[in-house]
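Chain by chain, the residues:
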Amino acid sequence: MSFLSERGSQDCLLRSHFCDDSVFGDFGSSSARGDENDLQHKPPHQVALGPIEPFTVVGSNLKDRGSLFNRLKTLVRICMRQKQNGSTLQLWPPNLKPWLGRTLSRRPRVSKCVLYLIIAYLSILGLIHFFGSLLDALEMRFPDDIDWVINRWGRVGELKEGFGQWPTDATGDVHPVNCHSHNDYWRSVPLYAAVRAGCTGAEADVWLVDDELYVGHKRDALTTNRTLQNLYISPLLDLIGKQNPLIKYHPDEDYPLYPPEENPLNGVFDVDPTQTFVLLIDFKSSGPALWQQLDYQLTPFREKGYLTHFNGTAIVERPITIVGTGNAPFDLLTANDTYRDVFFDAPLQEMADLSSQWPNPNRAQDSTRGHDQSGPDSPASNILDNRINPAYNKPVGRGQGKCVTTTFSNASIYGPFNSYYASTSFTKSIGHIWGSRLTQKQLQLIRGQIRGAHQRGLRVRYWSLPGWPIGLRNHIWHILIREGVDMLNVDDLRHATERDWRKTKGWWY
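Residues numbered from 1 in each chain as written. Predicted model: local features only at pLDDT ≥ 70, side-chain atom pairs only at ≥ 80, totals over all residues. Heavy atoms only, no water.

Quick look at the overall build of the chain
Right, so step 1: Scanning the chain for helices and strands turns up 15 helices and 11 strands.
Right, so step 2: With 509 residues in all, the chain has 42% of them scored as buried.
Right, so step 3: For the chain, the computed accessible surface area is about 29000 Å², with 56% contributed by carbon and sulfur atoms. (Helix = DSSP H or I, 4+ residues; strand = E, 2+ residues; numbered from the N terminus. Buried < 20%, exposed > 50% of the residue type's maximum accessible area, 1.4 Å probe, protein only. Areas by Shrake-Rupley, 256 points an atom, 1.4 Å probe, with all protein chains shown as cover.)

Written out as structure tokens, the structure is:
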């Protein structure tokens, strides 16, 4: 009787889990329970004896159950019910075991193969790295003659001691780039970071407090040790001194000591010793008082002949060029008609020459575009000779401070003998950039301003350039250089000097 009872229980259980509900439904379940009850109450002689045929699961029934997860869930239920009923019969149909085995073992096999391949790949790389390091170590243990000389060249105590450096290679591997280090004092290492990047100019915001010149963006950010003398004057004296060592081989026929006006001094950059370094002094305090103290602190540069100056008839370019901006007093800077060594930052927005229009960026259409000459263009014939008449010097009350220098009513007075830069705010002069591209009107204005400045022999510099998105910034840089801007005002020194930013044209990157 127990045998038949388990047989009926098995049949009912399998039907309830593997058969299609649409075929059996509740009726199938009740029929199975009825069969089980009948078998339990029938006498043994009425029960048909014979071999019990195994229950077969139709393939469509398994497919109709849905995903593999549902099938496995069903099988787990069978195991749990078998355990609760205490049945010892085999509930797994013969054709279910192979299918279940293949299903459960197929994915783990693939996962194991992928894992083994990754482990083998990493092991091979590790072995290659290990043997490479081992060979390098062995090579260092047994160097040849060339390796021995190279590894010990210039070391103290060696035969070639002192051969590791040249007297003038403080910036031996630095190539100058026409970029201006904006707010240079904010960098971790002022001046030196700009020189190391190759920038040919740097900016210092200067305040006069108790007869001392301090460097800082705001007055409340000043500290006692961050002075113009400590951050810029003394370091520049040291750099130029290293580039012009006084040794027994100097002077010679190529570097005569006399006359001093023809004595070529090396600049900051050893790769191009003729390149001058421009120190832009932004006058933050009152112009006349600050100018008097600045003129005094520049005395060491004058005594050594390091300053670019106007000698009454021409410009003599030297390793250092000083330019005054902000509240710099134009009349005091240009008061001396025979000697000037601090030049002015002229207002670029007042020099626009819009008499010509250029429909495309073809440099050949105008000689003043693509300005890349080492010196300023010759002033136009209609420009004054740059010797300012004191009676004419009546400044208009527009202190440059944050954007434009103290200017005069007639922009034609600015020229190469009294000014060096012609600068303006890009945002205020050209306007905002919409759609990541310049409009035709903005492009024509840029070209007119550059043309007007070059006609006066001045170098063009825009500040307050868009800094983000990076793609827009790079696009503006590319346009300005293409149109002939002489000095690129930058905050990101690494991207400006070490990367080809012309390739990046995206909006967000």
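From this point, the discussion proceeds with the structure in view.
What to know about a nonpolar patch on the surface
Right, so step 1: A cluster of nonpolar side chains, Val110, Val114, Ile118, Tyr121, Leu122, Ile124, Leu125 and Ile128, forms an exposed patch at the surface whose accessible area comes to about 780 Å².
Right, so step 2: Along the chain, Leu125 turns up in helix H5 (residues 96–141). (Patch = residues over 30% accessible without salt bridge, like charges linked within 9 Å, V, L, I, M, F, W, Y side chains within 5 Å. Salt bridge = Lys/Arg side-chain N within 4 Å of Asp/Glu carboxyl O.)

Some remarks on the pattern of salt bridges
Right, so step 1: The full count for this structure, using the stated rule, is 12 salt bridges.
Right, so step 2: For Asp173, the salt bridge is made with Arg196, and the minimal N-O distance between the two is 3.4 Å. Here Asp173, found in the loop between helix H6 (145–152) and strand S1 (177–181), pairs with Arg196, found in helix H7 (residues 192–197); they are 23 residues apart in sequence, far enough to count as distant.
Right, so step 3: Arg302 is the partner of Asp295 in a salt bridge, and the nearest nitrogen-oxygen pair spans 2.4 Å.
Right, so step 4: The exposure class of Asp295 is partly exposed, given its relative accessible area of 30%.

Quick word on the packing of aromatic side chains
Right, so step 1: Tallied over the entire structure, the rule returns 8 aromatic pairs.
Right, so step 2: Here the aromatic rings of Phe310 and Phe417 are separated by 4.9 Å at their centres, their planes lie at 20°, and the arrangement is stacked. Of this pair, Phe310 sits in strand S5 (residues 309–310) while Phe417 is found in the loop between strand S8 (342–347) and strand S9 (419–425), placing the two residues 107 residues apart along the sequence.
Right, so step 3: Here a set of aromatic residues connected by ring pairs shows up, and it is made of Phe330, Phe344 and Tyr414.
Right, so step 4: Note that Arg461 overlies the ring of Tyr421, its terminal NZ or CZ placed 5.4 Å from the centroid. (Phe/Tyr/Trp six-rings, centres within 6.5 Å; stacked < 30°, edge-to-face > 60°. Lys NZ or Arg CZ within 6 Å of the ring centre and 35° of its normal.)

What about the nonpolar core?
Across soluble globular proteins, you tend to see nonpolar side chains buried next to one another.
Right, so step 1: Leu228, Phe426 and Tyr462 are the most contacted members of the largest nonpolar core, which has 73 residues in total.
Right, so step 2: With 8 residues, helix H8 (residues 228–243) is the single largest residue contributor to this core.
Right, so step 3: Setting aside anything within four residues of it in sequence, one finds Phe426 in contact with Gly431, Ile433, Leu438, Ile446, Tyr462, Trp463, Ser464, Leu465, Pro466, Ile476 and Leu480. (Core = buried A, V, L, I, M, F, W, Y, C linked by side-chain atoms within 4.5 Å. Contact = heavy atoms within 4.5 Å.)

Brief notes about H8
Right, so step 1: The end-to-end C-alpha distance of H8 is 22 Å, a good match for the 22 Å that 16 residues give at a rise of 1.5 Å each.
Right, so step 2: For H8, every residue scored as buried is listed here: Leu228, Leu231, Tyr232, Ile233, Pro235, Leu236, Leu237, Leu239, Ile240 and Gln243. (Expected span 1.5 Å × (residues − 1).)

Section: the confidence of the model for the chain
Right, so step 1: Of the residues in the chain, 60% have a pLDDT of 70 or more, and the chain-wide mean is 75.
Right, so step 2: Between residues 17–36, whose pLDDT stays under 50, and residues either more than four places distant or in other chains, the model counts 23 contacts.
Right, so step 3: Confidence over residues 361–366 falls short of pLDDT 50; this stretch has 14 contacts with residues more than four positions distant or in other chains. (pLDDT = per-residue confidence, 0-100.)

Observations regarding helix H14 (residues 470–483)
Right, so step 1: Taking 1.5 Å of rise per residue, 14 residues should cover 20 Å, and H14 covers 20 Å from first to last C-alpha, within 8% of that figure.
Right, so step 2: Taken across its 14 residues, H14 has 11 buried, putting it largely inside the fold.
Right, so step 3: Of all the residues in H14, the buried ones are Gly471, Leu472, Arg473, Asn474, His475, Ile476, Trp477, Ile479, Leu480, Arg482 and Glu483.
Right, so step 4: The elements touched by buried residues of H14 are helix H12 (426–429), helix H13 (440–455), strand S10 (459–463), strand S11 (487–490) and helix H15 (493–498).
Right, so step 5: Once H14 ends, the next one or two residues include Gly484, with phi positive near 115°.

Remarks on the state of the cysteines
Right, so step 1: Using the criterion set out here, one finds 1 disulfide in the structure.
Right, so step 2: Bridging Cys179 to Cys199, the disulfide has an S-S length of 2.3 Å. Given an S-S torsion of about -100°, the disulfide between Cys179 and Cys199 has left-handed geometry. Pair noted here: Cys179 is in strand S1 and Cys199 is in strand S2 (residues 199–209), with a separation of 20 residues, a long-range link. An identical accessibility class is assigned to Cys179 and Cys199; each is buried. (Disulfide = S-S within 2.5 Å.)

Some words on the environment of Val177
Right, so step 1: Locating Val177 in the fold gives a position in strand S1.
Right, so step 2: With relative accessibility at 28%, the residue Val177 sits in the partly exposed group.
Right, so step 3: In this structure, the C-alpha to C-alpha distance between Val177 and Leu488, residues 311 residues apart in sequence, is 9.2 Å.
Right, so step 4: Not counting chain neighbours up to four residues away, the residues in contact with Val177 comprise Gly198, Cys199, Thr200 and Thr497.

Focus: the pairing of strand S7 (residues 320–326)
Right, so step 1: With 7 of its 7 residues buried, S7 lies for the most part within the structure.
Right, so step 2: Sheet topology places strand S4 (residues 277–283) next to S7; 7 bridges connect them, and they run parallel. By the bridge assignment, Leu279 is partnered in S7 with Ile322.
Right, so step 3: Bridge count for S7 against S8 is 3 bridges, and the pairing is parallel. Looking across to S8, one finds that Gly324 is bridged to Phe344. (Pairing = 2+ DSSP bridges.)

Structural notes on the side chain of Thr334
Right, so step 1: The topology assignment puts Thr334 in the loop between helix H11 (330–333) and S8.
Right, so step 2: Looking at Thr334, the relative accessible area reads 2%, which means it is buried.

Looking at the packing of H13 against H14
Right, so step 1: Contact pair H13 / H14: the axes reach a minimum separation of 10 Å and the direction vectors enclose 45°. Looking at the two axes, H13 sits oblique to H14. You can see that H13 and H14 cross each other, and the crossing is right-handed. Side by side, H13 and H14 meet where Leu443, Ile446, Arg447 and Ile450 of the first sit next to Ile479, Leu480, Arg482 and Glu483 of the second.
Right, so step 2: Tallied by class, the residues present in the contact of H13 with H14 amount to 5 nonpolar, no polar and 3 charged. (Axes fitted to C-alpha atoms, helices over the stretch in contact; angles between N-to-C directions. Parallel < 35°, antiparallel > 145°, perpendicular 65-115°, else oblique. Left-handed = near helix turned anticlockwise from the far one by under 90°. Nonpolar A, V, L, I, M, F, W, Y, C, P; charged D, E, K, R; others polar.)

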